[in-house]
Amino acid sequence: MSLEILSYSFMQKGLVAGMAIAIICSLMGIFLVLRRYSLFGDALAHMAFGGISVGMLAGVYPLWTAFAVSVLGALGITKLRKSTKISGDAAIAVLLVSGLGVGVLLISATDGFRVDLFSFLFGSILLISTEDTLLILGISAGVVAALTALRKQLLHMTFDEEQAKVSGLNIDRLNYIFVVLASITVITSMRLVGILLISALIVLPNITSMLFGKGFKKTVIISMSISVFSVVSGIILSYYLDLAPSGTIVMITVAVLIGTLIAKYAGIVGKSKPLEYQKVT
Amino acid sequence: MSMNVLEVNDVSIKYNGYLAVDKINFSVKEGDLLGIVGPNGAGKTTLFKAIIGLQNYTGSIKLFGYEGKDYHPLLPLIGYVSQKVNFEQNFPATVQEVVSMGLLPEKKLVKGAILLQNCGCCWSRIYKKLEKDSDKVLQTLRTVGLESLKDRRIGDLSGGELQRVFIAKALVKDPVLLILDEPVTGVDMEAQSKFYNLLQTINKENKITIVWSSHDLEAISKLANRVACMNRKLFFHGEKGEFFSNKELLKTYAESAMQMHMHDHD
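Bear in mind that the values here come from a model prediction, so they are computed numbers and not experimental data.

Participant: Would you mind showing me how to read the overall build of chain A here?
Facilitator: Of the regular secondary structure elements, chain A holds 10 helices and 0 strands. Put simply, chain A runs from its N terminus to its C terminus through helices and strands in the order α-α-α-α-α-α-α-α-α-α. In terms of C-alpha radius of gyration, chain A reaches 20 Å, essentially the compact-globule figure of 19 Å for 281 residues. Reported as C-alpha extents along the three principal axes, the dimensions of chain A are approximately 80 × 55 × 30 Å. Burial status across chain A gives 48% buried among its 281 residues. At a minimum sequence separation of 6, the contacts of chain A that also span at least 24 residues come to 72%.

Participant: Just to check I follow, could you spell out the pairing of strand β1 (residues 4–15) of chain B for this structure?
Facilitator: In the case of a regular strand, side chains alternate between the two sheet surfaces. All names here are of chain B. The pairing of β1 with strand β2 (residues 18–29) spans 8 bridges and is classified as antiparallel. When the bridges of β2 are listed, Ile13 appears paired with Val21. Linkage of β1 to β2, two consecutive antiparallel strands, is achieved through a turn of 2 residues, within which Asn16 is found at a positive phi near 50 degrees. Here β1 runs beside strand β4 (residues 58–63); their pairing, made up of 5 bridges, is antiparallel. When the sheet's bridge partners are listed, Ser12 is paired in β4 with Thr58.

Participant: What is the right way to read the interface of chain A and chain B from this model?
Facilitator: For interface size, the figure often reported is the accessible area lost on association. On the side of chain B, 26 residues touch chain A, which itself brings 22 residues to the contact. Elements with a contribution of two residues or more to the side of chain A that touches chain B: α6 (130–159), α7 (161–166) and α9 (216–241) of chain A. Sorting elements by how many residues they give to the side of chain A that touches chain B places α6(A) first, with 5 residues. In terms of residue class, the side of chain A that touches chain B is made up of 8 nonpolar, 8 polar and 6 charged.

Participant: Help me understand the packing of helix α1 (residues 9–34) of chain A against α9(A) in this model?
Facilitator: Working note: a packed helix pair is described by the angle between its axes plus the distance between those axes. All names here are of chain A. Between α1 and α9, whose axes approach to 8 Å, the crossing angle comes to 150 degrees. Crossing handedness for the pair α1 and α9: right-handed. When α1 is examined against α9, the residues Gly14, Leu15, Gly18, Met19, Ile21, Ala22, Ile23, Cys25, Ser26, Leu27 and Ile30 are found in contact with a partner set consisting of Thr219, Val220, Ser223, Met224, Ser227, Val228, Val231, Val232 and Ile235. Taken together, the residues of the contact of α1 with α9 break down into 14 nonpolar, 6 polar and no charged.

Participant: What is the right way to look at α9(A) in this model?
Facilitator: Side chains that are three or four residues apart share a direction in an α-helix, a result of its 3.6 residues per turn. Taking 1.5 Å as the rise per residue, α9(A) with 26 residues should run 38 Å; its terminal C-alpha atoms sit 36 Å apart, in good agreement. In the segment just after α9(A), Asp242(A) is the residue with positive phi, at about 55 degrees.

Participant: Got a minute to help me understand the sheet that holds β1(B) in this structure?
Facilitator: Sheet strands pair by backbone hydrogen bonding; their relative direction is either parallel or antiparallel. Residue and element names in this part refer to chain B. The antiparallel open sheet is built from 3 strands, whose spatial order is β2-β1-β4. Every interior strand has two partners, whereas the edge strands, β2 and β4, have only one. Between one strand axis and the next, the sheet turns through 15 degrees on average, direction left out of account.

Participant: Explanation requested: the environment of Ser213(B) in the structure shown.
Facilitator: All names here are of chain B. Tracing the chain through its elements places Ser213 in strand β7 (residues 209–213). Between the alpha carbons of Ser213 and Gly38 there is a distance of 8.2 Å; along the sequence they are 175 residues apart. Residues in contact with Ser213, not counting those within four places in the same chain, are Ile36, Lys44, Asp181 and Glu182.

Participant: Just checking my understanding: could you explain the confidence of the model for chain A for this structure?
Facilitator: Close inspection of predicted coordinates is inappropriate for parts of the model with low pLDDT. Looking at chain A as a whole, the pLDDT averages 87, with 94% of positions reaching at least 70. Note on residues 274–281 of chain A: pLDDT under 50 across the span, and 2 contacts to partners over four residues away in sequence or across chains.

Participant: Mind showing me how you'd approach the sheet that holds strand β6 (residues 177–181) of chain B here?
Facilitator: All names here are of chain B. What the 6 strands build is an open sheet, ordered β5-β6-β7-β3-β8-β9; its pairing is mixed. Sheet topology places β5 (78–81) and β9 (233–239) at the edges, where each strand pairs with a single neighbour. The average angle at which neighbouring strand axes cross in this sheet is 15 degrees, direction not considered. Docked against the sheet, helix α6 (residues 189–204) engages β3 (33–37), β6 and β7, running at close to 150 degrees with respect to β7.

Participant: Help me out: how do you make sense of the nonpolar core in this one?
Facilitator: Generally speaking, nonpolar side chains in soluble globular proteins are found buried as a group. Of all hydrophobic cores here, the largest spans 155 residues; its most connected members are Met28(A), Ala48(A) and Ile179(B). When residues of this core are assigned to their parent elements, the largest contribution, 18 residues, is made by helix α8 (residues 171–210) of chain A. When residues no more than four places from it in sequence are discounted, the contact partners of Ile179(B) are Phe48(B), Ile51(B), Ile52(B), Ile78(B), Gly79(B), Tyr80(B) and Val211(B).

Participant: It is not clear to me how unusual backbone geometry should be interpreted in this structure. Could you clarify?
Facilitator: A negative phi holds for most residues other than glycine; trans holds for most peptide bonds. Residues and elements named next belong to chain B. For the peptide bond that leads from Leu104 to Pro105, omega is -20 degrees, which places it in the cis range. For Pro105, the position within the fold is in the loop between α2 (95–100) and α3 (106–118). Positioned with a positive phi, Lys23 is a non-glycine residue whose angle comes to about 45 degrees. Tracing the backbone shows Lys23 in strand β2. For Lys23, a count of 14 C-beta atoms within 10 Å puts it in the partly exposed group. Of note in this structure, Asp174 is not a glycine but carries a positive phi near 55 degrees. Relative to the helices and strands, Asp174 resides in the loop between α5 (159–171) and β6.

Each value, and the rule that gives it
Residues numbered from 1 in each chain as written. Chains lettered and ligands numbered in written order. Predicted model: local features only at pLDDT ≥ 70, side-chain atom pairs only at ≥ 80, totals over all residues. Helix = DSSP H or I, 4+ residues; strand = E, 2+ residues; numbered from the N terminus. Rg over C-alpha atoms; globule rule 2.2 N^0.38 Å. Buried ≥ 20, exposed ≤ 12 C-beta atoms within 10 Å, placed from the backbone. Contact = placed C-beta atoms within 7 Å. Pairing = 2+ DSSP bridges. Nonpolar A, V, L, I, M, F, W, Y, C, P; charged D, E, K, R; others polar. Axes fitted to C-alpha atoms, helices over the stretch in contact; angles between N-to-C directions. Left-handed = near helix turned anticlockwise from the far one by under 90°. Expected span 1.5 Å × (residues − 1). pLDDT = per-residue confidence, 0-100. Core = buried A, V, L, I, M, F, W, Y, C linked by C-beta atoms within 7 Å.

Laid out in structure tokens, this is it:
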């Protein structure tokens, strides 16, 4: 296998943007998974789909409306959840169906405005422009910077929200920042795997890396490595085998998970060290 | 005469429409180890939540003389260990990582400490930024006897070890007051006795003021210097000796005849 494909400009852009997306999805994903918000990414993506159709209808750049609608929807649901005690999974379902509902409704109502539905649903990383690549790089750098700055606070909030609150962390503000960052991550990543498969990049590398039984820092590094590996190998493989990149990427993350599970049960990874018992005196 | 760290005056708390805490008064002096006893549902946890700012109340709660709005900047200086911490068994965090969460948010800790210093409170162990965070964490782990487990994942620990991790997390910021809500619930005898030794060390050597709720009268009779006994209302607050010599009180409010029995034979 020669690496001539790396000389194609569309491939270079796709790989660079893909790696950036792999990193932010994995970073954002660890908090989403640990907070039992695994499907939050999916819900946000569906919300964004609704937002895109609003933008197309209104003649505004669809990504902006997508962003606005997902952030508003996510903030709304956070509030609703808090005030009505609707459980997390139900709240996510509300978000998901209302976003998709609005999208389908608007598309059918305008009957003919042409949305490349397929590319929203399944991604189109290899059709990405230079401007978009730069935009993705910039946004990703911002998300990484924000998450790095807030990592300790977010980890504390994720671990024990009550204690974090007692110690003086501004939980409400942190929650809102978290939702906005998640929305940015999801909308940026839609280009890669599409609305329907976005959870794969958010969830799978993280649950795989958690199988290794390491602390937070190492778990994050392992997850990012898996994520970047899956995206890069997925894009290259899909090119040679003439497959859809998004599906290939997702199936690689699944394969890595299964491989890790097998390795874990075979005792190769994630073995906890034997406990050292102290002598009772 | 040492000063009052905490003053609780006429505090009442309504919880789901009924009075969970009814006009409670007590104070905690610097260096005290106050044991709070009372049956389940006596309002101990609710009262603690009011002290740490998670629960509305009427009356006044003062920390080093500060109350109301002025009290809030001091909240981060309180170390609180709740009865039970629910976390995912496979949560990817090591002991060291969990304990270092106790040093957050740094700015508010420093602000609270400065506030105390400004008002002339001679709080000697003001949070020092001179120390590296990781050194501070290791030092605290040494105090609670978990240094060798620092890289162990939190989910792999036993109940007794976990409880010491949470105490270390509350202790790492040098709290002005440590509040422990029934910390030995669900922990075996050996871990309990280890915990009681630790409590004594923290109180006597680290000179940290502690408020501790427990059902274990025997342990309270050994460790605490003051006792408060409550069941919605406060029935007793004072020196330990006074409490344990008052057979009437013990008889009425002791958790179980067994524990009283053990104490009588001490």
